Amino acid sequence: MKRICIYLAVTFPLTWALWGLATSGPVVTGMPMATQLMIGLGMLCPTIGVLVTWLILRKREPFSLPLRPKFRGNAKSYLLAWFGPSLAVLAGGLLYFLVFRNQLDPSMGFVREMGGSAAALYADGTIRASVILQIAVAVLLGPLINVIAGAGEEIGWRGLLYPALREKLSPAAACLVGGVIWGLWHAPVTMRGHNYGLDYPGFPWLGVLAMCVFCIAMGTLLHYLTVKSGSIWPASLAHAGLNALAAAPMMFLPSAATGSRLLGPSAAGLLAGLPLLATAVAWMVVENRKMAKPVPTERPNP
């Protein structure tokens, strides 16, 4: 418990101070590059929290981290890490547009709106080809390009926090508690419009709650990858891939003002996130059933 308390006492204030000082304006689509950079730097704060925790406890309560990549025997984990987030985003986007069919815009008005006057020079086919290329690059290279930022968080959340929670809690409970903590960590940027905008009912607290739900769902996948592989690197790749692709379904909206970001179509939306959440719940149920099974005992020899 001491490990958790020190880690959170360092990571939360450090990140919130950085985001508070550097992102005074709305954190929404089209925000300045400097704001995006500062949000990205905040992803490294969990690693700093781990380092400070280790320095404080290294003599009294030393702990180790699963930092080795461990490729041997973990091909399935790395493949799931690389492509699993893409499947989750695709499934969530399809679900959202099945429910809100009138918001699906083949001409990609959202992309034209973000591109400004320059986008008006291109035909719909050119815009679609450009979007498809961007998505393909995000799927194939996004995990690798963003992996350092992903590891900046995963060294903390999956490397330190989850194992510490598992010392006290079941796998499902650890995922729930860890997901809520991770979601609340995002609160400063969520309350400034990140992921959900600024104009939804229940702003901003419903957005904070939605982020906690998403972090429970995504965190469960990342927990599984870490435990399965014995390393934080599959989780780091999955985290990186999700960040690269999560907002891709928004490109198929008529405009940035269409619909409600609280529901989707990005993977963090309450509706678009349902496939990922359902997968997480199924894993929790299976893990809890495994723990509930009695341990077989050997019968004494007659």
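How each quantity is defined
Residues numbered from 1 in each chain as written. Predicted model: local features only at pLDDT ≥ 70, side-chain atom pairs only at ≥ 80, totals over all residues. Heavy atoms only, no water. Phe/Tyr/Trp six-rings, centres within 6.5 Å; stacked < 30°, edge-to-face > 60°. Helix = DSSP H or I, 4+ residues; strand = E, 2+ residues; numbered from the N terminus. Buried < 20%, exposed > 50% of the residue type's maximum accessible area, 1.4 Å probe, protein only. Patch = residues over 30% accessible without salt bridge, like charges linked within 9 Å, V, L, I, M, F, W, Y side chains within 5 Å. Areas by Shrake-Rupley, 256 points an atom, 1.4 Å probe, with all protein chains shown as cover. Salt bridge = Lys/Arg side-chain N within 4 Å of Asp/Glu carboxyl O. Contact = heavy atoms within 4.5 Å.

Asks: Could you give an account of the packing of aromatic side chains, with specific residues and numbers?
Replies: Taken as a whole and assessed by the stated rule, the structure comprises 10 aromatic pairs. Taking the centre distance of 5.5 Å and the plane angle of 80 degrees together, the rings of Tyr7 and Trp157 count as edge-to-face. Taken together, the residues span a long stretch of sequence, with Tyr7 in helix α1 (residues 2-22) and Trp157 in helix α7 (residues 147-166) at a distance of 150 residues. Of the two residues, Tyr7 and Trp157, both sit in the buried class. Summarising the aromatic geometry, the rings of Trp19 and Trp185 are spaced 5.0 Å apart at their centres and angled 55 degrees between planes, so their arrangement reads as tilted. Taken as a pair, Trp19 in helix α1 and Trp185 in helix α8 (residues 171-185) lie far apart in primary sequence, 166 residues in all. Taking relative accessible area as the criterion, Trp19 reaches 2% and is therefore assigned buried.

Asks: Give me the lowdown on a nonpolar patch on the surface, citing residues and values where you can.
Replies: A cluster of nonpolar side chains, Leu79, Phe83, Leu133, Val137, Leu140, Leu141 and Ile145, forms an exposed patch at the surface whose accessible area comes to about 670 Å². Elements represented by at least two residues in the nonpolar patch include exactly α4 (75-99) and α6 (124-145). At 5 residues, the largest contribution of residues to the nonpolar patch is made by α6. Following the sequence through the fold, Ile145 ends up in helix α6. The exposure class assigned to Ile145 is exposed, which follows from its relative accessible area of 60%.

Asks: Please give an account of the side chain of Thr53 that cites residues and values.
Replies: For Thr53, the location among the structural elements is in helix α3 (residues 45-57). Once you skip the residues sitting within four places of it in the chain, Thr53 turns out to touch Arg3, Ile6, Tyr7, Phe63 and Leu160.

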